[in-house]
Amino acid sequence: QVHLVESGGGLVQSGGSLRLSCAASGSIFSLNAMGWYRQAPGKQRELVAGITSGGITNYADSVKGRFTISRDNAKNTVLLQMNALKPEDTAVYYCTADVRSIMLRVEKYWGQGTQVTVSS
């Protein structure tokens, strides 16, 4: 079993910053791509940022230049530094990880979600 535990969400004013973190634990042979999704009320879930095992990143256009995704492989952790936050960033943010098990199968796991609220 694999668990993704997220932290760092909260309430922040427009223009402020938050850093989300997500640590993977359990029966992990290796972690491939990791990322962050978000879902706002009444909206579809969208990919915010992703990072490959080699450190290649990609971002949604709406967050480019403001958010930075990184990973700490020693800690099985992915981070999302969010700067210059806007009210439209308000959403539940979900951590994901493509986990290779000891059986060498890759499954995408999801965290429980953490609320980010940006006030105007």
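It should be noted that the structure appears before, not after, this text.
Reading guide: rules and limits
Residues numbered from 1 in each chain as written. Predicted model: local features only at pLDDT ≥ 70, side-chain atom pairs only at ≥ 80, totals over all residues. Heavy atoms only, no water. Helix = DSSP H or I, 4+ residues; strand = E, 2+ residues; numbered from the N terminus. Contact = heavy atoms within 4.5 Å. Buried < 20%, exposed > 50% of the residue type's maximum accessible area, 1.4 Å probe, protein only. Pairing = 2+ DSSP bridges. Axes fitted to C-alpha atoms, helices over the stretch in contact; angles between N-to-C directions. Phe/Tyr/Trp six-rings, centres within 6.5 Å; stacked < 30°, edge-to-face > 60°.

Q: I'm lost on the side chain of Thr96 in this one. Help?
A: Position of Thr96 relative to the elements: it lies in strand 9 (residues 91-100). Residues in contact with Thr96, not counting those within four places in the same chain, are Leu4, Met34, Gly35, Tyr37, Lys108, Tyr109 and Trp110.

Q: Is there a simple way to think about the pairing of strand 11 (residues 114-119) in this case?
A: Working note: regular strand, side chains alternate between the two faces of the sheet. On strand 11, burial follows the alternation: Thr114, Val116 and Val118 on one face are buried, whereas Gln115, Thr117 and Ser119 on the facing-out side are not. Examined bridge by bridge, strand 2 (residues 10-13) and strand 11 share four bridges and lie parallel to one another. Bridge assignment links Val12 to a residue of strand 11, and that residue is Val118. Pairing between strand 9 and strand 11: three bridges, direction antiparallel. Bridge pairing in strand 11 links Val92 to Gln115.

Q: I'm lost on the sheet that holds strand 3 (residues 18-26) in this one. Help?
A: Two strands in a sheet stick together by hydrogen bonds in their backbones, pointing the same way (parallel) or opposite ways (antiparallel). Judged by pairing direction, the sheet is antiparallel, and its four strands sit side by side in the order 1-3-8-7 without closing on themselves. Of all the strands in the sheet, just strand 1 (2-7) and strand 7 (67-72) have a single pairing partner and so form its edges. The sheet shows a mean angle of 15° between the axes of neighbouring strands, direction not considered. Across six bridges, strand 1 lies against strand 3 in antiparallel orientation. Bridge pairing in strand 3 links Ser7 to Ser21.

Q: Looking at this structure, how should I read the packing of aromatic side chains?
A: Two aromatic rings are characterised by how far apart their centres lie and by the angle between their planes. Scanning the model with the defined rule gives two aromatic pairs in all. Centre to centre, the rings of Tyr94 and Trp110 are 6.4 Å apart; their planes meet at 75°, and the pair counts as edge-to-face. In this pair, Tyr94 is assigned in strand 9 and Trp110 in strand 10 (residues 106-110), connecting sequence segments 16 residues apart. For Tyr94, a relative accessible area of 21% translates into the label partly exposed.

By themselves, these are just geometric observations and shouldn't be taken as functional.
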